[in-house]
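Below, each chain spelled out in residue letters.
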Amino acid sequence: MSRATKRNKHPACEGCKQRTGQLLVCKSCEESWHTACLDYPPRLARTLMEQSDWQCPDCKTCQICDKKNKQKELLICDRCDRGLHMGCAVPQVPDVPKGPFFCDSCRYDSRLRSHHKQEVETKRRPFKMFAVADTPDEAIEPLAVGPRDIETVSFGAHIISTLYNSPYPESYRIKHLFICEVCLRYFRSQFSLLRHSQRCEAHPPGEEIYRDGHLSVWEVDGKQEPPFCRNLCLLAKLFLEQKTLYYEVGHFLFYVLTEWTPTGAKVLGYFSKENVPTIENNLSCLLTLPQYRQQGYGKLLIDFSYLLTRAEKKVGSPEKPLSDLGLVTYRSYWRDKILEFLSTFQYNTISIVKLSEITGISQVDIISTLQAYEMVKYWRGEHVILRPKDIKEQLSKRKPQHKLDSKLLKWKPRNSGGEEA
């Protein structure tokens, strides 16, 4: 029996803590791992079971200099899982490859020459970000009622406690899940995430339709990018109780808010809406990730949905019914927009219809907001909007807002078929 499958000293996997199945044993620290817990593909798993010099993610060294320093320059071979510094390779590798990487031994191994042409073509193809696509749709099983399967997730530098179950594939329903903050692909181990991050694209798929400084908004069509959109919905379900859309994403558009960092555009939140809405709904689902809440991003996403609505020369409203928190957030937003308008309005009369056309907010939402904040009364046979005397003071007391600039929007409304007009 090879060292890779010994189980006498360390019978439990460091990832899942289970003792069943064959385990890889690190030659340096003798920790044991299942290949599935490291997200190794089947071909690589079979290869490693035949080796006796495998190293775990924490002990991985360069096969040339035998050092584990310069981790950002340590490339991992996709065929044998051995490490190789970019500077130790012959010839040296100037940049991190975007496609599969093979060390010198594997690249020129006579057993692999028949696959060489296919591998070269694979490296030339643009890298795409897949997660759920690695697992067939039928593997996404219904949720069982009970305790949360996934208790925490690693998202960039943050460890976030989840609130609800989400129908991730069965093998990924573990206590702690690792998620890429750019493409939202999910992993069972930090090593797999770090290995993926070397090749991950710098931003989500789709089209960047707005950028202002370090913030961008991307329009992602669920029909064209189903893997990313499914991952987004699976992540959202961890924090939204009423979330029901998981993988039938083809009829929805997703607007993803990101922040540019030295490593790429990390996801802050998103909203979705129907590709061809049957009524005036301009937003179906809204999420700001927990670590980015209380920073104005939720209202920024709401404001962006109305920016698109005004660009379409329509009025809009979120999908009803709203949750209690959603209603509070929206009424606060609607009130702010009404106050902003009234603070600069110079005339004595205005109709609700005109106010709706200017703001993009539906008449029903305007009226309910005015009533909730006691800003309207019935006087002499007609409804009168009351302009608060301290309107400027009320606006000045608001938390700092992210202001949208309509001139920075690079977007065209879609026609009734869901295509750009």
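Residues numbered from 1 in each chain as written. Predicted model: local features only at pLDDT ≥ 70, side-chain atom pairs only at ≥ 80, totals over all residues. Heavy atoms only, no water.

## Topic: the overall build of the protein chain
Consideration 1: In terms of regular secondary structure, the protein chain is built from ten helices and 17 strands.
Consideration 2: Across the 421 residues in the protein chain, those meeting the buried criterion constitute 46%.
Consideration 3: For the protein chain, long-range pairs separated by at least 24 residues make up 56% of all intrachain contacts whose partners lie at least 6 apart in sequence.
Consideration 4: Carbon and sulfur atoms provide 51% of the accessible area of the protein chain, an area that totals close to 22900 Å². (Helix = DSSP H or I, 4+ residues; strand = E, 2+ residues; numbered from the N terminus. Buried < 20%, exposed > 50% of the residue type's maximum accessible area, 1.4 Å probe, protein only. Contact = heavy atoms within 4.5 Å. Areas by Shrake-Rupley, 256 points an atom, 1.4 Å probe, with all protein chains shown as cover.)

## Things to note about the packing of aromatic side chains
Consideration 1: A full pass over the atoms with the stated rule returns eight aromatic pairs.
Consideration 2: Note on Tyr-168 and Tyr-186: the rings are 4.8 Å apart at their centroids and 85 degrees apart in plane angle, and the pair reads as edge-to-face. A residue pair is termed long-range when its members are at least 10 positions apart, and Tyr-168 in the loop between strand S6 (158-161) and strand S7 (176-179) and Tyr-186 in strand S8 (residues 186-187) qualify at 18 residues. Tyr-186 matches Tyr-168 in its accessibility class, with the two residues each being buried.
Consideration 3: When the centroid spacing of 6.1 Å and the interplanar angle of 55 degrees are considered together, the rings of Trp-218 and Trp-260 count as tilted. In this pair, Trp-218 sits in strand S10 (residues 215-221) while Trp-260 sits in strand S11 (residues 252-261), placing the two residues 42 residues apart along the sequence.
Consideration 4: Judged by its relative accessible area of 25%, Trp-260 is partly exposed.
Consideration 5: Of the aromatic side chains, those joined through ring pairs into one cluster are Tyr-168, Tyr-172 and Tyr-186.
Consideration 6: A cation over a ring is seen here: Arg-335 above Tyr-373, with NZ or CZ 5.0 Å from the ring centre. (Phe/Tyr/Trp six-rings, centres within 6.5 Å; stacked < 30°, edge-to-face > 60°. Lys NZ or Arg CZ within 6 Å of the ring centre and 35° of its normal.)

## A short note on the packing of helix H8 (residues 352-359) against helix H9 (residues 363-372)
Consideration 1: In contact at an axis separation of 9 Å, H8 and H9 are set at 110 degrees when each is read in the N-to-C sense. Relative to H9, the element H8 lies roughly perpendicular. Contacts between H8 and H9 pair Ile-352, Val-353, Leu-355, Ser-356 and Thr-359 from the former with Gln-363, Ile-366, Ile-367 and Leu-370 from the latter.
Consideration 2: Its residues assigned to classes, the contact of H8 with H9 comprises six nonpolar, three polar and no charged. (Axes fitted to C-alpha atoms, helices over the stretch in contact; angles between N-to-C directions. Parallel < 35°, antiparallel > 145°, perpendicular 65-115°, else oblique. Nonpolar A, V, L, I, M, F, W, Y, C, P; charged D, E, K, R; others polar.)

## Considering the sheet that holds strand S14 (residues 285-288)
Consideration 1: Sheet architecture is open: five strands sit in the order S9-S10-S11-S12-S14, paired in antiparallel fashion. Edge positions in the sheet fall to strand S9 (207-212) and S14, since each of these pairs with one other strand and no more. The mean angle between the axes of side-by-side strands here comes to 20 degrees, regardless of whether they run parallel or antiparallel.
Consideration 2: Two strands pair when backbone bridges link them, and S10 and S11 are joined in this way by seven bridges, in the antiparallel orientation. Its bridge partner lying in S11, Trp-218 is registered against Val-256.
Consideration 3: Against the sheet, helix H6 (residues 297-311) makes contact with S9, S10, S11, strand S12 (264-274) and S14, and its axis sits at roughly 50 degrees relative to S12, the strand it touches most. (Pairing = 2+ DSSP bridges.)

## A few points about the packing of H6 against helix H7 (residues 324-344)
Consideration 1: Put simply, H6 and H7 touch, their axes get as near as 11 Å, and they point 60 degrees apart. The orientation of H6 with respect to H7, classified from their angle, is oblique. The element H6 and its partner H7 pack so that their crossing is right-handed. In this structure, H6 uses Lys-299, Ile-302, Asp-303 and Tyr-306 to contact H7, whose residues at the interface are Thr-329, Tyr-330, Ser-332, Tyr-333, Trp-334, Asp-336 and Lys-337. (Left-handed = near helix turned anticlockwise from the far one by under 90°.)

## Some points on the environment of Leu-300
Consideration 1: Along the chain, the position of Leu-300 falls in helix H6.
Consideration 2: What makes Leu-300 buried here is its relative accessible area of 8%.
Consideration 3: Through-space distance from the C-alpha of Leu-300 to that of His-402 is 6.1 Å; in sequence the pair is 102 residues apart.
Consideration 4: Beyond its immediate stretch of four places on either side in the chain, Leu-300 contacts Leu-215, Leu-257, His-402 and Leu-404.

## Quick notes on the nonpolar core
Consideration 1: Counting 67 residues, the largest nonpolar core has Tyr-168, Leu-177, Ile-179, Leu-235, Phe-254, Tyr-255 and Phe-304 as its most contacted members.
Consideration 2: No other element matches the eight residues that H6 contributes to this core.
Consideration 3: Ignoring any residue separated from it by four or fewer positions in sequence, one finds Ile-179 in contact with Val-153, Ser-154, Phe-155, Gly-156, Tyr-168, Leu-184, Arg-185, Tyr-186, Leu-193 and Leu-235.
Consideration 4: Among the nonpolar cores identified, the runner-up in size contains 29 residues, and Leu-48, Leu-74, Ile-76 and Cys-106 belong to it. (Core = buried A, V, L, I, M, F, W, Y, C linked by side-chain atoms within 4.5 Å.)

## Points about the pairing of S12
Consideration 1: Along S12, ten of the eleven residues are buried, which leaves the element largely enclosed by surrounding structure.
Consideration 2: The pairing of S11 with S12 spans ten bridges and is antiparallel. Residue pairing across strands places Val-256 opposite Tyr-270, the latter belonging to S12.
Consideration 3: Hairpin remark: S11 followed by S12, antiparallel, with two residues in the connecting loop.
Consideration 4: Both S12 and S14 contribute to a ladder of four bridges, which runs antiparallel. Across the sheet, Gly-269 pairs through a bridge with Thr-288, a residue of S14.

## Section: the state of the cysteines
Disulfides are covalent bonds that link the sulfur atoms of two cysteine residues.
Consideration 1: Scanning the entire structure with this criterion turns up zero disulfides.
Consideration 2: For the unlinked cysteine Cys-26, the closest cysteine sulfur is that of Cys-29, found at 3.7 Å.
Consideration 3: The class of Cys-26 is buried, set by a relative accessible area of 0%. (Disulfide = S-S within 2.5 Å.)

## What to know about the sheet that holds S7
Consideration 1: Taken in spatial order, the four strands of this open sheet run S6-S5-S7-S8, and their pairing is mixed. Of all strands in the sheet, those bounded by a partner on one side alone are S6 and S8.
Consideration 2: Pairing of strand S5 (residues 152-155) with S7 involves four bridges; the strand directions are parallel. Looking across to S7, one finds that Val-153 is bridged to Leu-177.

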